[in-house]
Amino acid sequence: MSATLTLITCTRNPDPNSFRRVLAGVAALERPADHDIEYLVIDSTSEPPVASREAVREFLGRSPWARVIRSPAPGLAAARRAGIEASKGALIVWFDDDNVPAPDYLAHVVRTAAERPTVSVWGAGAIDVEFTSPVPAWAEHPADASISATIRSAKTNRRFLDPRSAPTPGNLSSFPA
């Protein structure tokens, strides 16, 4: 019997262009051998509902392993709880509604999970920042120097994080009950 990886994106009123890219990235993920995949989009009270968007309907039509679940309450904690409750997977992988995963990302999750069997929740890992619109003026000189360095690196199109590095392990105990 194969293990199931559950990929979850919690969202509320996502940017249509960014979310279309996320769905394309999820569709392009390479499936690790001996693993099934389920993808859950947890809609945290979006208006209009995420399931009504054309790009989402098209994605779901091509992806029988994906579904949208409408969270009854707004907020990330409620959406994550709804995703965990609906998941079938032994491993849970979170993607934000603007994170486009690298095609080989799940291979890294499976490998790293085998090395760390006590961890069952994974996040985005290393992230490459790509601005899809002009950088706002307030972001040019933020008070936090690390944010400023990140923005400068992204604006000059330098990679400041390796997108193929191992994902960062998470822990369910960090979620509020």
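Our structure is the block above this text.
Residues numbered from 1 in each chain as written. Predicted model: local features only at pLDDT ≥ 70, side-chain atom pairs only at ≥ 80, totals over all residues. Heavy atoms only, no water.

Engineer: I keep staring at unusual backbone geometry and nothing clicks. Help me out?
Structural biologist: In most cases, non-glycine residues show a negative phi, while peptide bonds are predominantly trans. Residue Pro48 is bonded to the preceding Glu47 through a cis peptide linkage, with omega at -5 degrees. With respect to the secondary-structure elements, Pro48 resides in the loop between strand 2 (35-43) and helix 2 (54-62). (Helix = DSSP H or I, 4+ residues; strand = E, 2+ residues; numbered from the N terminus.)

Engineer: Please clarify how the packing of helix 1 (residues 16-27) against helix 2 should be interpreted in this entry.
Structural biologist: Angle between the axes and distance between the axes: these two values describe a pair of packed helices. Look at helix 1 against helix 2: their axes get within 10 Å of each other, and the N-to-C directions meet at 10 degrees. Comparing their axes, helix 2 and helix 1 come out roughly parallel. Side by side, helix 1 and helix 2 meet where Phe19, Arg20, Leu23, Val26 and Ala27 of the first sit next to Ala55, Val56 and Phe59 of the second. (Axes fitted to C-alpha atoms, helices over the stretch in contact; angles between N-to-C directions. Parallel < 35°, antiparallel > 145°, perpendicular 65-115°, else oblique. Contact = heavy atoms within 4.5 Å.)

Engineer: What am I meant to see in the packing of aromatic side chains here?
Structural biologist: Geometrically, a pair of aromatic rings is defined through the distance of the ring centres and the angle of the planes. Within the structure shown, the criterion is met by three aromatic pairs. Measuring from centroid to centroid gives 5.8 Å for Tyr39 and Phe59, while their planes differ by 85 degrees, and the two rings are edge-to-face. One end of the pair, Tyr39, is in strand 2; the other, Phe59, is in helix 2, and 20 residues separate them in sequence. Both residues of the pair, Tyr39 and Phe59, belong to the buried class. With 5.9 Å between their ring centres and 85 degrees between their planes, Phe59 and Trp65 make a pair best called edge-to-face. A residue is classified by how much of its surface remains accessible, and Phe59, at 1% relative accessible area, is buried. Taken together, the ring pairs connect Tyr39, Phe59 and Trp65 into an aromatic cluster. (Phe/Tyr/Trp six-rings, centres within 6.5 Å; stacked < 30°, edge-to-face > 60°. Buried < 20%, exposed > 50% of the residue type's maximum accessible area, 1.4 Å probe, protein only.)

Engineer: Would you take a moment to explain the pattern of salt bridges for this structure?
Structural biologist: Pairing between side chains of opposite charge can happen when their charged atoms approach one another. Under the counting rule described, the total for this entry stands at five salt bridges. A salt bridge links Arg67 to Glu38, with the shortest nitrogen-to-oxygen separation between them at 3.5 Å. Here Arg67, found in strand 3 (residues 66-70), pairs with Glu38, found in strand 2; they are 29 residues apart in sequence, far enough to count as distant. Its relative accessible area of 7% is what places Glu38 among the buried residues. Between Asp43 and Arg70 there is a salt bridge, and its shortest N-O distance comes to 3.0 Å. With a gap of 27 residues between them, Asp43 in strand 2 and Arg70 in strand 3 connect regions that are remote in the sequence. Residue classification places Asp43 among the buried positions, given a relative accessible area of 1%. Residues joined in a network through salt bridges with shared partners are Asp43, Glu47 and Arg70. (Salt bridge = Lys/Arg side-chain N within 4 Å of Asp/Glu carboxyl O.)

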